[in-house]
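Each chain, letter by letter, is given below.
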Amino acid sequence: MKLSLASFLVAAVALQPALSVRTNSLLIDPAALPALPSAQQAASASADVGLNLTNIQGDILIGMKKNKELFFFFTIVNPTLFRSQLGSGILPLITPTSQLLAVDTQPTTAVNIAFSQRGLNALGITDDLGDTAFTNGQIDNVATILGDETSNWEPAFAGTGIHGVFLLASDTIDNVNATLSQVQNILNGSITEAYSLQGQARPGDEQGHEHFGFMDGISNPAVTGFSTPLPGQQVLDPGLFLLGESGDLVSRPSWAKDGSFLAFRQLQQRVPEFNAFLVDNALSNPNLTADQNAELLGARMMGRWKSGAPVDLAPTVDDPVLAADPQQNNNFNYTHPGFDEATDQTHCPFSAHVRKTNPRSDLNPEDTANHIIRAGIPYGPEVTDAENASNVSSTDPSLERGLAFVAYQSDINNGFAFLQQNWANNANFIFGKATPPGIDPIIGTGGLGQADVPRTPSGLDPSDPTRIITINQDFVVSRGGEYFFSPSLSAIQNTLSLGA
Ligand code: HEM
Ligand SMILES: *[C@@H]1O[C@H](CO)[C@@H](O)[C@H](O)[C@H]1NC(C)=O
Ligand SMILES: *[C@@H]1O[C@H](CO)[C@@H](O)[C@H](O)[C@H]1NC(C)=O
Ligand SMILES: *[C@@H]1O[C@H](CO)[C@@H](O)[C@H](O)[C@H]1NC(C)=O
Ligand SMILES: *[C@@H]1O[C@H](CO)[C@@H](O)[C@H](O)[C@H]1NC(C)=O
Ligand SMILES: *[C@@H]1O[C@H](CO)[C@@H](O)[C@H](O)[C@H]1NC(C)=O
Ligand SMILES: *[C@@H]1O[C@H](CO)[C@@H](O)[C@H](O)[C@H]1NC(C)=O
Ligand SMILES: *[C@@H]1O[C@H](CO)[C@@H](O)[C@H](O)[C@H]1NC(C)=O
């Protein structure tokens, strides 16, 4: 067959997924979540502070908007081959931030890569990135810092084989699978699979909601040089999330600039157990039905209604209009005229998940050191009728569900690990309140290294804030994770690979 030059070029372009033009976004866009900046807005904001959005991997700054995302954890078995294929074949597939901001520049599948310390060791990279949590690996602070029961850990995370992870994001699993095949072909046997986890946004009206049913990804910090801040959104220096940028005070090797530490956690959610707990412990507001009193307890444990409306602004009944409006749904700080912030929990309990993990003006001045960008996605199927009827999560591994939790920060001990240890797991935090708040009722763990140790948060019942509602089991179970470094594109090109 004879091909004209034009049709040959068309065929050649079709073989290059990175060049195909999208007509629909690979991201989801629920009304409640902040819009990404347009390419023009981001270009101008980044130029002001000299941030290179073409050099920063795309997953770091965009938050919780993935539709389908595969986490493919790998072991490097042939470092030399891996390094040569990384520069020649993989680098052109890596998706920088700038490409995700307009539909017509998005690839078929966004590809990001990150390395554990073991992975850097395997590549012969000996520089100290300046983060002890990363260097030691997540298993090192599993029990004492994070509180996990190690026996619940997925064996791959407890072992030594996880050198890195590919994050493959698209709007269909077919695309993700096709891109994984392409990546594996390019790497030509230099890696093997250590473990993988398929994430996907929940179906239909639940899109954007995590498995307990709450809209997720509303409150991430605005980053100077990238975001256009919304009312109530805290604006933070890029160096809190990107190494070597303004606000990062640690000394780093120069090639680490514009990289970020990725804290990955596979957090199983026991949804039927959570639902039954809310019914069994429903509040007693006489103006509400039993169902509404159960909903209210859940909303107070989270600090937001399932819609996303913050209880600080909508204390007794949900407000779906407020929830869907990013101009309003993050515009609160727990203060109100005439409120005593040390005692008043009529709006939001001190122990609510969102308040424990971002106390806003409970801390004066407001905290600027302990923040993360959350970029996770739900995994696993919807609750089955049988699970719902029994109030118990199935033990069938194919029915496990939860959150593939991803947090980006430039310092893990100030970011994810700090929030989990010093805030969520600390019964006395938020300090200075009339009643100690107790451990985070969603993600806290009552025993260090032991699951299902009773937790005793106060403040959940607005009619008696000193009342303690005992939670006898964990609704979120850590199945383990690892700490990774998500390098810049220039680091992949010049330091991690051997060159094309
Ligand atoms: C399965 C586990 C988890 C679930 C179901 C969950 C759920 C949620 C939900 C529904 C929100 C409110 C929506 C929003 O503001 O985006 C939220 C906010 C948040 N979560 Fe989680 N989360 C989980 C794990 C974690 C972990 C492990 C951390 C950190 C250690 C964390 C830190 C935060 C932070 C910082 C916020 C924002 C608070 C604010 O700025 O108001 N979450 N989470
Ligand atoms: C931004 O990063 C890209 C990718 O590493 C690089 O090609 C480009 O030269 C950088 N631009 C500037 C102005 O440094
Ligand atoms: C994608 O690949 C996984 C693993 O090979 C497989 O189980 C799944 O069926 C594939 N999905 C689709 C939609 O092709
Ligand atoms: C891939 O591996 C095979 C041997 O397994 C080798 O013959 C071939 O040259 C390799 N291709 C590349 C691009 O390295
Ligand atoms: C119930 O509604 C009545 C009448 O509006 C109000 O006075 C009372 O404070 C409400 N009770 C609670 C617990 O909100
Ligand atoms: C909290 O928000 C209110 C309303 O936007 C604002 O007037 C007040 O200054 C804020 N308080 C603190 C301590 O930031
Ligand atoms: C779960 O079961 C309860 C009855 O125990 C029922 O009211 C509810 O609709 C069920 N939920 C789902 C999602 O099937
Ligand atoms: C499930 O929990 C609900 C709410 O507590 C309860 O009404 C129902 O009887 C429970 N079902 C089983 C099988 O325990």
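Residues numbered from 1 in each chain as written. Chains lettered and ligands numbered in written order. Predicted model: local features only at pLDDT ≥ 70, side-chain atom pairs only at ≥ 80, totals over all residues. Heavy atoms only, no water.

Per an unreviewed UniProt entry, the protein chain is named Fungal peroxidase, and its organism is Lentinula edodes. Among the UniProt annotations of the protein chain, the heading Cofactor (unreviewed entry) holds the following wording: "heme b". (UniProt positions renumbered as here; feature names shortened; annotations may be inferred.)

Before going further, it helps to examine helix 4 (residues 79-90). Between its terminal C-alpha atoms helix 4 stretches only 14 Å, short of the 16 Å expected from twelve residues at 1.5 Å a residue. Those residues of helix 4 not exposed but buried are Phe82, Arg83, Gln85, Leu86, Gly87, Gly89 and Ile90. Looking at the packing, one finds that the buried side of helix 4 touches strand 1 (68-76), strand 2 (110-115), strand 3 (164-170), helix 10 (173-187), strand 4 (191-200) and helix 17 (489-496). (Helix = DSSP H or I, 4+ residues; strand = E, 2+ residues; numbered from the N terminus. Expected span 1.5 Å × (residues − 1). Buried < 20%, exposed > 50% of the residue type's maximum accessible area, 1.4 Å probe, protein only. Contact = heavy atoms within 4.5 Å.)

The next point concerns the site of ligand 4. The local shell around ligand 4 consists of Leu81, Gln85 and Asn188. Isolated, ligand 4 exposes 360 Å² of accessible area, and the fraction of that covered by the protein chains is 25%. (Near = heavy atom within 4 Å. Areas by Shrake-Rupley, 256 points an atom, 1.4 Å probe, with all protein chains shown as cover.)

Quick look at the packing of helix 4 against helix 10 now. Their axes nearest at 8 Å, the elements helix 4 and helix 10 cross at an angle of 130°. One way to sum up the angle between helix 4 and helix 10 is to call them oblique. Residue-level contacts link Leu81, Phe82, Gln85, Leu86, Gly89 and Ile90 of helix 4 to Val183, Ile186 and Leu187 of helix 10. Taken together, the residues of the contact of helix 4 with helix 10 break down into seven nonpolar, two polar and no charged. (Axes fitted to C-alpha atoms, helices over the stretch in contact; angles between N-to-C directions. Parallel < 35°, antiparallel > 145°, perpendicular 65-115°, else oblique. Nonpolar A, V, L, I, M, F, W, Y, C, P; charged D, E, K, R; others polar.)

Turning to the packing of helix 11 (residues 271-280) against helix 12 (residues 290-302), a few remarks are in order. Taken N-terminus to C-terminus, the directions of helix 11 and helix 12 make an angle of 115°; their axes are 7 Å apart at the nearest point. Along this stretch, helix 11 crosses helix 12, giving a crossing that reads as right-handed. Residues Phe274, Phe277, Leu278 and Val279 of helix 11 lie in contact with helix 12, whose contacting residues are Ala294, Leu297, Gly298 and Met301. Of the residues contributing to the contact of helix 11 with helix 12, the split by class is seven nonpolar, one polar and no charged. (Left-handed = near helix turned anticlockwise from the far one by under 90°.)

It is worth spelling out the coordination of the iron atom of ligand 1 at this point. Looking at the iron atom of ligand 1, one finds just one donor atom contributed by the protein, His353 (NE2), at 2.1 Å. Mapped onto the elements, His353 comes out in helix 14 (residues 353-357). (Donors = N, O, S within 2.8 Å, 3.2 Å for Na, K, Ca; no water.)

Attention now moves to unusual backbone geometry. Residues Asn364 and Pro365 are joined by a peptide bond in cis, for which omega reads 0°. With respect to the helices and strands, Pro365 occurs in the loop between helix 14 and strand 8 (373-374). For the peptide bond that leads from Phe429 to Ile430, omega is 10°, which places it in the cis range. For Ile430, the location among the structural elements is in the loop between helix 16 (416-424) and strand 11 (476-486).

A few words now on the site of ligand 1. Close to ligand 1 lie 25 residues, the nearest being Ile218, Ser219, His353, Arg360 and Arg374. Note that an oxygen atom of ligand 1 is positioned 2.8 Å from one of the backbone N or O atoms of Gly217. For the shell around ligand 1, the secondary-structure elements that each account for two or more residues are strand 7 (260-269), helix 14, strand 10 (402-409) and helix 16. (Polar contact = N/O pair within 3.5 Å; in protein donor to acceptor, adjacent residues only side chain to side chain.)

Take the environment of Glu400 next. Summarising the element assignment, Glu400 is placed in the loop between helix 15 (385-390) and strand 10. Spatially, the C-alpha atom of Glu400 lies 8.6 Å from that of Arg270, the residues being 130 residues apart in sequence. Polar side-chain contacts of Glu400 include one of 2.9 Å to the side chain of Gln266. For Glu400, the side chain forms a polar contact with the side chain of Tyr379, separated by 2.5 Å.

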